[in-house]
Amino acid sequence: MKLAGKTDVGRVRQENQDDYRAGELPGGAVWALVCDGMGGAKGGREASQGACNVIEQVFQEQYAQCGAGQEGAFLKKALISANRYVFNKAAHEESLAGMGTTAVCALVRGGEATLCHAGDSRAYLCRGGKLTQLTHDHSYVQELVDCGTITVEEAEHHPQKNIITRAVGTDKTVEADIYEFRAEAGDVILLCSDGLVNMVEDEEILSVINLSETLSDAANKLVAEAETAGGTDNITVILIRF
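Residues numbered from 1 in each chain as written. Predicted model: local features only at pLDDT ≥ 70, side-chain atom pairs only at ≥ 80, totals over all residues. Heavy atoms only, no water.

This next bit is on the overall build of the protein. Each helix and strand in the protein was counted, giving 7 helices and 10 strands. For 242 residues, the compact-globule formula gives about 18 Å, and the C-alpha radius of gyration of the protein, at 17 Å, lands near that figure. Across its three principal directions, the C-alpha atoms of the protein cover 50 × 45 × 35 Å. Per-residue burial for the protein yields a buried fraction of 50% across its 242 residues. Within the protein, residue pairs in contact and separated by at least 24 positions form 70% of the contacts whose partners lie at least 6 positions apart. Accessible surface computed for the protein: about 11,200 Å², of which carbon and sulfur atoms make up 46%. (Helix = DSSP H or I, 4+ residues; strand = E, 2+ residues; numbered from the N terminus. Rg over C-alpha atoms; globule rule 2.2 N^0.38 Å. Buried < 20%, exposed > 50% of the residue type's maximum accessible area, 1.4 Å probe, protein only. Contact = heavy atoms within 4.5 Å. Areas by Shrake-Rupley, 256 points an atom, 1.4 Å probe, with all protein chains shown as cover.)

What follows is the structure, encoded as C-alpha cells:
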C-alpha cells in the first residue's frame, strides 16, 4: 500500500484549522486521519490538532492490542479518547469554549478497510472507474436530504451547509459511525475535509486520481483544483492505494 497527503490553508482563510496524520503499522497495515476544526480562530486549530495528537497516541500505544475483527471498536475507542480530550480542554479554557472537530479515520490491514467518522469530513472509494462516497455526513443539510425536504443538488448550495450535527469534542460523548469493506488491488481510498468536495466535483476528483502518475501528484493536484475553484476553505486530502 502507498500513502500520500497534503493540507493547505486555501485562498480565503487566514489560518489552516485542518490537520491530518498517516503512517505505516506493523504487518503492512496503514492508518490515516483527517480532522477539520471549528470553534473560532483559536478553537478550531486547537481542536483538530488535539484530536489528531490523541488518536495518533492511541495508535502508538494501543494498536498492538487490536486483534483481528476488533478494528472498528479500536477506532471508536480512539475517537472517544479524542472527544474526551477536546471536550475537557474546552470546558477548562474560556477562549476555547464550544470548539470541536470533524474526524474521519481509516485503518487498513489484511485486505480489510475500516473507517470511523464523526462530522462532514468524508471518505471515498475509487474503484473500477467510479468514485463512491463511503461516509454519510453528520450535518443539518444531510438530514434535510435524507428526509426528502431538499435534493442532493440543492444541498450543495444550501446556506446552512456548514451546520454540523455530530463532531468530536462538542459534547461529553460522541457517536461515531463505522464502515468496513474488503479492499481490492487498484483501489484508492480518499479521506478529505469539505474544503475539497465543496470546490471540486466528483468527476474531476476521479479524473485527477486516475490520471496522476503518483499518489503525491494526485494529492497536490486535488488541492490545486480546489484552490483554482475558489479555495474558500482549508483543504486536506489523504490518498491510500492498494
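After that view of the structure, there is still more to cover.
Attention shifts here to the pairing of strand β2 (residues 18–25). In this sheet, strand β3 (residues 29–38) lies alongside β2 in antiparallel orientation, the contact comprising 8 bridges. By the bridge assignment, Y20 is partnered in β3 with V34. Joining the antiparallel neighbours β2 and β3 is a turn of 3 residues, in which G27 adopts a positive phi near 80 degrees. (Pairing = 2+ DSSP bridges.)

The final tally for this structure, using the stated rule, is 11 salt bridges. Residue R13 is joined to D233 by a salt bridge in which the shortest nitrogen-to-oxygen separation is 3.3 Å. In this pair, R13 sits in the loop between β1 (2–8) and β2 while D233 sits in the loop between α7 (215–228) and β10 (235–241), placing the two residues 220 residues apart along the sequence. Owing to a relative accessible area of 41%, R13 belongs among the partly exposed residues under this scheme. (Salt bridge = Lys/Arg side-chain N within 4 Å of Asp/Glu carboxyl O.)

Further remarks concern the nonpolar core. I55, F59 and L79 are the most contacted members of the largest nonpolar core, which has 31 residues in total. Of all elements in the fold, only β3, α1 (40–62), α2 (71–92), β4 (100–109) and β5 (112–118) reach the threshold of two or more residues within this core. When residues no more than four places from it in sequence are discounted, the contact partners of I55 are W31, L33, A78, L79, A82 and C105. Ranked by size, the runner-up nonpolar core spans 23 residues in total, among them L215, A218, L222 and V223. (Core = buried A, V, L, I, M, F, W, Y, C linked by side-chain atoms within 4.5 Å.)

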